Structures are given as structure tokens and as C-alpha cells.
Amino acid sequence: MVEWTGKQFAYQQVANDLRRRIADGEFAGTGQLPSYGDLQKAYGVTVTVARTAINELKTDGLVVSHQGKGVFLTADASRSAAQLTDPAAALSELRKEVDRLRTEVGELRQRVTTLEGN
């Protein structure tokens, strides 16, 4: 259950709590999130709030839904959710990726220069 702050809309608070739970690996076993009805009961919200929260997670690329089957985690949902809940860690990971790409681009430049010289 989330502690309602009044600083954010209810759907944002539910979405944020679900992001945290995804990042913590809570749904990793089944890969499936609770149904809208279960979310309504767990958070004490309307179905509209539950749907809007799930739509936020879809926008983040954390989940996909299948009509009549449920809402499921994407392949990298835990990692992505962790980045969304910890921006500093996400920034650090992004910097590492940029450094790796710079190294690869430098190596490719050298290879192209070598090939063009022949």
C-alpha cells in the first residue's frame, strides 16, 4: 500500500509504487502484474486509476498488456524500473555506456583509416 501524499495524482503514486516493486523483482517469478481488480483492492483506487497507472508503465516500456490475459513485464523491466526509481544510478550507467561507445568509435575510426590507406 502506498502512503497517499497529495503531491501527486493517485495514478502516479500507484505507478511509482509498481515501478519500485518491479525494480525489487517482486513480479519476476511470474512476470505478470496483478489484475486491475487486484490493484483496485490493494491500493484502494478506482479501475480508472489502476488503468492509468498501468498505462504509465507501458509508456515507460516496463510492461505490455494482452487483452484477456493480463499485464506482463518486458524482458528488461527490472533493470529499466531500477533506473527510473534511481536516476543517479541510471546516469552512472549511461556515462559508462557513452564511454564504451566512444572507445568503439575510436577503434572503428582507426580501422577505417587503415582500410582507406591500403
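Conventions used here
- Residues numbered from 1 in each chain as written.
- Predicted model: local features only at pLDDT ≥ 70, side-chain atom pairs only at ≥ 80, totals over all residues.
- Heavy atoms only, no water.
- Pairing = 2+ DSSP bridges.
- Helix = DSSP H or I, 4+ residues; strand = E, 2+ residues; numbered from the N terminus.
- Phe/Tyr/Trp six-rings, centres within 6.5 Å; stacked < 30°, edge-to-face > 60°.
- Lys NZ or Arg CZ within 6 Å of the ring centre and 35° of its normal.
- Axes fitted to C-alpha atoms, helices over the stretch in contact; angles between N-to-C directions.
- Parallel < 35°, antiparallel > 145°, perpendicular 65-115°, else oblique.
- Contact = heavy atoms within 4.5 Å.
- Nonpolar A, V, L, I, M, F, W, Y, C, P; charged D, E, K, R; others polar.
- Buried < 20%, exposed > 50% of the residue type's maximum accessible area, 1.4 Å probe, protein only.
- Polar contact = N/O pair within 3.5 Å; in protein donor to acceptor, adjacent residues only side chain to side chain.

**With respect to the pairing of strand β1 (residues 63-66)**
Item 1. By the bridge criterion, four bridges tie β1 to strand β2 (residues 70-73) in an arrangement that is antiparallel. Paired with V64 across the bridge in β2 is F72.
Item 2. The loop that links β1 with its antiparallel partner β2 comprises three residues; one of these, G68, has a positive phi angle of about 80°.

**Considering the packing of aromatic side chains**
Item 1. On inspection of all chains with the given rule, the structure shows one aromatic pair.
Item 2. Taken together, a centroid distance of 5.9 Å and an interplanar angle of 10° make the contact between F9 and Y11 stacked.
Item 3. The lysine or arginine in question, R51, covers the ring of Y36, its NZ or CZ lying 5.5 Å from the ring centre.

**Things to note about the packing of helix α2 (residues 36-43) against helix α3 (residues 47-59)**
Item 1. The N-to-C vectors of α2 and α3 enclose an angle of 110°; their axes lie 9 Å apart at closest approach. Looking at the two axes, α2 sits roughly perpendicular to α3. Here Y36, L39 and Q40 of α2 come into contact with α3, specifically with V47, A50, R51 and I54.
Item 2. Here the residues of the contact of α2 with α3 sort into five nonpolar, one polar and one charged.

**Considerations on the side chain of R19**
Item 1. Mapped onto the fold, R19 is located in helix α1 (residues 10-23).
Item 2. Take R19: its relative accessible area is 9%, and that puts it in the buried class.
Item 3. A polar atom in the side chain of R19 sits 2.5 Å from the side chain of N16.
Item 4. Residue contacts for R19: discarding those within four places in its chain leaves E56, L57, D60, L62, A81, L84 and T85.

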